[in-house]
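A closer look at the structure
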Amino acid sequence: EPEVTQTPSHQVTQMGQEVILRCVPISNHLYFYWYRQILGQKVEFLVSFYNNEISEKSEIFDDQFSVERPDGSNFTLKIRSTKLEDSAMYFCASTSGTVSSYEQYFGPGTRLTVT
Amino acid sequence: AQTVTQSQPEMSVQEAETVTLSCTYDTSESDYYLFWYKQPPSRQMILVIRQEAYKQQNATENRFSVNFQKAAKSFSLKISDSQLGDAAMYFCAYRNSYNDMRFGAGTRLTVKP
């Protein structure tokens, strides 16, 4: 069964450094998402992406965040200058966009630790 | 804005017994989808069950079923014959068409042997 993959599974970085989290959505999917889950808290929406542009973003997704689909298969989340409060689990998700499809398939997540 | 509320931060159930997790949501939309996700200690998000708002029939998936009350905006999850492997965080989620998913705060389910 096709699945969403994410790399790395765990990233440790120092405050102020740039990180790139990578996701490979399911190949025929058209809509892509990033979510964040701070330890012990609920999953929060960051951004959605369709047709090579951001379709919606939350208030969390400020100027230090950016997303990109550089090569038609990868979907990346970049944090330009990490802060301690960026430490969280980051989930990528995708959906096919057909009328009958409404399930978002989640990747296994990347645990980001900012020290 | 759509909001999802899970009023039970923690629940426990005896193995083989039945437990119901509550979820309410707020929306002005008529067409939307509701989900229950399970998050075990590995923190992977696993879809348990889903319900289309236009369907009156409650969704069922093996030991998991929902009680969907559209007028009351309520979407509870019933787990029958609970197993030790059911222990996890359970998140209720709402989604309108292709938009983002809105999650509740979660309910931590403990299963006692």
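All chains use their own residue numbering, which begins from 1 and follows the written sequence. Chains and ligands are labelled sequentially in the order written, the chains with letters from A and the ligands with numbers from 1. pLDDT decides what is reported in this predicted model: residues at 70 or higher carry local features, side-chain atom pairs at 80 or more are listed and counted, and totals for whole chains, interfaces and linings draw on all residues regardless. Values shown for side chains rest on all heavy atoms present in the structure; no hydrogens or waters enter the calculation.

Let's talk about the overall build of chain B
A run of DSSP states H or I qualifies as a helix once it reaches four residues; a run of E qualifies as a strand once it reaches two. Both are numbered from the N-terminal end. For chain B, the helix and strand inventory stands at zero helices and 12 strands. Counting helices and strands in the order they occur from the N terminus, chain B gives β-β-β-β-β-β-β-β-β-β-β-β. Atoms counted for the radius of gyration: C-alpha only. Globule rule: 2.2 Å times residue count to the power 0.38. Computed over C-alpha atoms, the radius of gyration of chain B comes to 13 Å, within 12% of the 13 Å expected from 2.2 N^0.38 for 113 residues, which places it in the range of a compact globule. Dimensions along the principal axes, computed over C-alpha positions, put chain B at roughly 40 × 25 × 20 Å. Taking all 113 residues of chain B together, the buried fraction comes to 49%. Pairs at least 24 residues apart make up 54% of the contacts formed inside chain B by residues separated by at least 6 positions. Partly exposed describes any residue whose relative accessible area lies between the buried limit of under 20% and the exposed limit of over 50%, with all areas from a 1.4 Å probe on protein chains only and scaled to the type maximum. Only heavy atoms enter the contact rule, under which two residues are in contact if any of them lie within 4.5 Å.

Examining the state of the cysteines
All names here are of chain A. Note that a disulfide, as used here, is simply two cysteine sulfur atoms within 2.5 Å. Enumeration over the complete set of coordinates arrives at two disulfides over all chains. For Cys-23, the disulfide goes to Cys-92, at an S-S distance of 1.9 Å. Because the torsion about its S-S bond is -65°, the bridge between Cys-23 and Cys-92 counts as left-handed. Residue Cys-23 is located in strand 3 (residues 19–24), and its partner Cys-92 is located in strand 9 (residues 88–95); the two are separated by 69 residues in the primary sequence. Residue Cys-23 is classed as buried on the basis of its relative accessible area of 0%.

Notes on the pattern of salt bridges
Any two side chains of opposite charge can pair if their charged atoms end up close together. All names here are of chain B. Salt bridge criterion: a side-chain nitrogen from Lys or Arg within 4 Å of a carboxyl oxygen from Asp or Glu. According to the stated counting rule, one finds five salt bridges over all chains in the structure shown. In this structure, Asp-26 engages Lys-73 in a salt bridge whose closest nitrogen and oxygen atoms are separated by 3.9 Å. Here Asp-26 is found in strand 4 (residues 24–26), whereas its partner Lys-73 is found in the loop between strand 8 (64–69) and strand 9 (74–79), with 47 residues between them in sequence. The exposure class of Asp-26 is partly exposed, given its relative accessible area of 42%. Among the residues examined, Lys-73 registers a relative accessible area of 26% and is labelled partly exposed.

As for the environment of A:Ala93
Note that A:Ala93 resides in strand 9. If sequence neighbours within four positions are ignored, A:Ala93 has contacts with A:Tyr31, A:Phe32, A:Tyr33, A:Tyr35, A:Gln104, A:Tyr105 and A:Phe106.

Here's the deal with the interface of chain B and chain A
The interface is formed by 21 residues belonging to chain B together with 25 residues belonging to chain A. As used here, buried area is the combined drop in accessible area, with a 1.4 Å probe, of two parts when they are placed together. Taken over both partners, the interface formed by chain B and chain A buries close to 2,000 Å², and the fraction arising from carbon and sulfur atoms is 51%. For the pair chain B and chain A, the interface holds one salt bridge. Ionic pairing is found between B:Arg102 and A:Glu56, a salt bridge with its closest N-O pair at 3.8 Å. Nitrogen and oxygen atoms within 3.5 Å of one another constitute a polar contact, given that in protein one can donate a hydrogen and the other can accept it, and given that sequence-neighbouring residues count only through two side-chain atoms. The tally of links between chain B and chain A comes to four residue pairs in polar contact (both at pLDDT 80 or more). Tallying contributions element by element places strand 5 (residues 33–39) of chain B first for the side of chain B that touches chain A, with four residues.

Section: the nonpolar core
All names here are of chain B. Residues belong to one nonpolar core when they are buried, are Ala, Val, Leu, Ile, Met, Phe, Trp, Tyr or Cys, and are joined through side-chain atoms within 4.5 Å. Core analysis: the largest hydrophobic core is formed by 25 residues, its most contacted members being Tyr-25, Trp-36, Ile-49, Phe-75, Leu-77 and Tyr-90. Every element with two or more residues in this core is listed here: strand 3 (19–21), strand 5, strand 6 (46–52), strand 8, strand 9, strand 10 (88–95) and strand 12 (107–112). Among the elements that make up this core, the one with the highest residue count is strand 10 (four residues). For Tyr-25, the residues in contact, after removing those within four places along its chain, are Thr-3, Val-4, Tyr-32, Leu-34, Phe-68, Gln-69, Lys-70, Lys-73, Ser-74, Phe-75 and Tyr-94.

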